[in-house]
Amino acid sequence: MSRLGILGGTFDPVHLGHLVLAEAAREQLRLDKVLFIPTGHSWRKPEREITPGEHRLEMVRLAIADNPAFEASSAEIDRPGPTYSDVTLEELHDAHPDAKLYFILGRDALLDLPNWRAPERIVELSTLAVAERAWSEADPNGDAAVAALRTPIERITMPEIGVSATDLRERVCNGLSIRYLVPEAVRTYISDRGLYREG
Ligand code: ATP
């Protein structure tokens, strides 16, 4: 049975935190592959304009090009309407009936999961695999909501990478360097396309 990791995200832009998370998950859970799936129309982050999907997908492709175990999927970007992870997992389950699916999340995303559509279905279709994030705060309500899902959680340990996409967008907007915080090909892409210059 193959073991498939799924890392969904806005990836606006993809950064070292995502890559270290995916590599730690691959190694510790002995995954055959990690699929990076940039979200289409995110209904969880409606408050800000998200960069068009083709740019976010291309940056992911550039970032993972040198890792044979990583793959980018356009499934959510290609699907019209809002992105729902239960639909994505359903599709992956049908496409890979013999695979064990691991849904990889940072702790901030885990605490938000009970607010997503059909979290019970998500944990039926996949095993949650969660990494701490440096600044994610203790949240007893969030923990209780996650516990109510009654699902085992695989812990991923990784070095703390104190980078967020929000922080990177702000840096570019303020003319600050993002060198070494994203792969060089991603930095060049952002600079050549003039992404994130306006906040
Ligand atoms: P934003 O700042 O725009 O909210 P983000 O940096 O949190 O973005 P997302 O694309 O929303 O990135 O994150 C996708 C997944 O990667 C989430 O599960 C999130 O918890 C995880 N993640 C993001 N950054 C890190 C990091 N530095 N360390 C560990 N996990 C991370």
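Structure's up top.
A brief look at the structure comes next. Throughout, a residue's number is its position along its own chain's written sequence, starting from 1. At least 70 in pLDDT is required for a residue's local features to be given in this predicted model, at least 80 for side-chain atom pairs to be given and counted, and no such filter applies to totals for whole chains, interfaces and linings, which use all residues. Here the side-chain values reflect all heavy atoms present in the structure, with hydrogen atoms and water set aside.

## Structural notes on the packing of helix α2 (residues 53–64) against helix α9 (residues 184–193)
How we decide: Orientation is described by axes fitted as lines to C-alpha atoms, over the contacting stretch for helices, and by angles from 0 to 180 degrees between their N-to-C directions. Runs of E in the DSSP output that reach at least two residues are strands. Runs of H or I that reach at least four are helices, and both are numbered from the N terminus. For classification, angles of less than 35 degrees are called roughly parallel, those exceeding 145 degrees roughly antiparallel, those between 65 and 115 degrees roughly perpendicular, and all remaining angles oblique. Any two residues having at least one pair of non-hydrogen atoms within 4.5 Å are treated as being in contact. Under this grouping Gly is polar, as are all residues other than the nonpolar Ala, Val, Leu, Ile, Met, Phe, Trp, Tyr, Cys and Pro and the charged Asp, Glu, Lys and Arg.
It is the contact of α2 with α9, at a shortest axis distance of 8 Å, that shows an interaxial angle of 150°. In terms of orientation, α2 and α9 fall into the roughly antiparallel class. The residues of α9 that touch α2, namely those facing Glu54, His55, Glu58, Met59, Leu62 and Ala63, are Ala185, Val186, Tyr189, Ile190 and Arg193. Taken together, the residues of the contact of α2 with α9 break down into 7 nonpolar, 1 polar and 3 charged.

## Observations regarding the nonpolar core
Proteins that are soluble and globular tend to have nonpolar side chains buried together. As a reminder of what qualifies: Only buried residues count toward a nonpolar core. Its members are Ala, Val, Leu, Ile, Met, Phe, Trp, Tyr and Cys residues joined through side-chain atoms within 4.5 Å. Any residue under 20% of the maximum accessible area for its type is buried, any over 50% is exposed, and the rest in between are partly exposed; the area is computed with a 1.4 Å probe on protein chains only.
One finds Phe36 and Ile104 to be the most contacted residues of the largest nonpolar core, which totals 35 residues. For this core, the secondary-structure elements that each account for two or more residues are α1 (16–28), β2 (33–38), α2, β3 (70–72), β4 (100–106), β5 (127–131), α8 (165–173) and α9. Not counting chain neighbours up to four residues away, the residues in contact with Phe36 comprise Leu7, Phe11, His18, Leu19, Ala22, Val60, Ile64, Phe70, Glu71, Ala72 and Ser73. One finds Leu89, Leu92, Leu111 and Leu128 within the second-largest nonpolar core, a separate group that totals 21 residues.

## Comments concerning the sheet that holds β5
For the record, the criterion: When DSSP finds two or more bridges between a pair of strands, those strands are recorded as paired.
With respect to topology, 6 strands assemble into an open sheet ordered β3-β2-β1-β4-β5-β6, the strand pairing being parallel. Across the chains shown, the open sheet's two edge strands, defined by having one partner strand only, are β3 and β6 (153–156). Between one strand axis and the next, the sheet turns through 30° on average, direction left out of account. Where β4 and β5 come together, 5 bridges link them in parallel fashion. When the sheet's bridge partners are listed, Phe103 is paired in β5 with Leu128.

## Description of the pairing of β2
Put simply, the rule is: The crossover handedness rule: strands pointing away from the viewer, path from first strand over the helix to second strand clockwise, crossover right-handed.
The element β2 is extensively covered by neighbouring structure, given that 5 of its 6 residues are classed as buried. For the crossover that starts at strand β1 (residues 3–9), traverses α1 and ends in the parallel β2, the hand is right-handed. Sheet topology note: the β2/β3 ladder contains 3 bridges and is parallel. Of the residues in β3, the one forming a bridge with Leu35 is Glu71.

## Quick notes on the pattern of salt bridges
If charged atoms from side chains of opposite charge come close, those side chains can pair. Stated precisely, the cut-off is as follows: The salt bridge criterion pairs a side-chain nitrogen of Lys or Arg with a carboxyl oxygen of Asp or Glu, the two atoms within 4 Å.
If you walk through the whole model with that rule in mind, you get 10 salt bridges. Among the salt bridges present, the one from Lys33 reaches Glu71, with a minimum N-O distance of 2.9 Å. Here the residue Lys33 occupies a position in strand β2, and Glu71 occupies one in strand β3, the gap between them amounting to 38 residues. Look at Lys33 and you get partly exposed, because its relative accessible area is 29%.

## Structural notes on unusual backbone geometry
Residues Asp12 and Pro13 are joined by a peptide bond in cis, for which omega reads 0°. Of note, Pro13 is situated in the loop between β1 and α1. Residue Arg30 is not a glycine yet carries a positive backbone phi of 50°. Within the secondary structure, Arg30 sits in the loop between α1 and β2. Phi is positive for Ala118, close to 50°, though the residue is something other than glycine.

## Thoughts on the environment of Leu31
Locating Leu31 in the fold gives a position in the loop between α1 and β2. On the accessibility criterion, Leu31 (6% relative accessible area) is buried. Taking C-alpha positions, Leu31 is 6.3 Å from Gly5, a pair spaced 26 residues apart along the chain. Aside from chain neighbours lying at most four places away, what touches Leu31 is Arg3, Leu4, Gly5, Ala25, Arg26, Tyr102 and Ile104.

Structural measurements only, silent on function.
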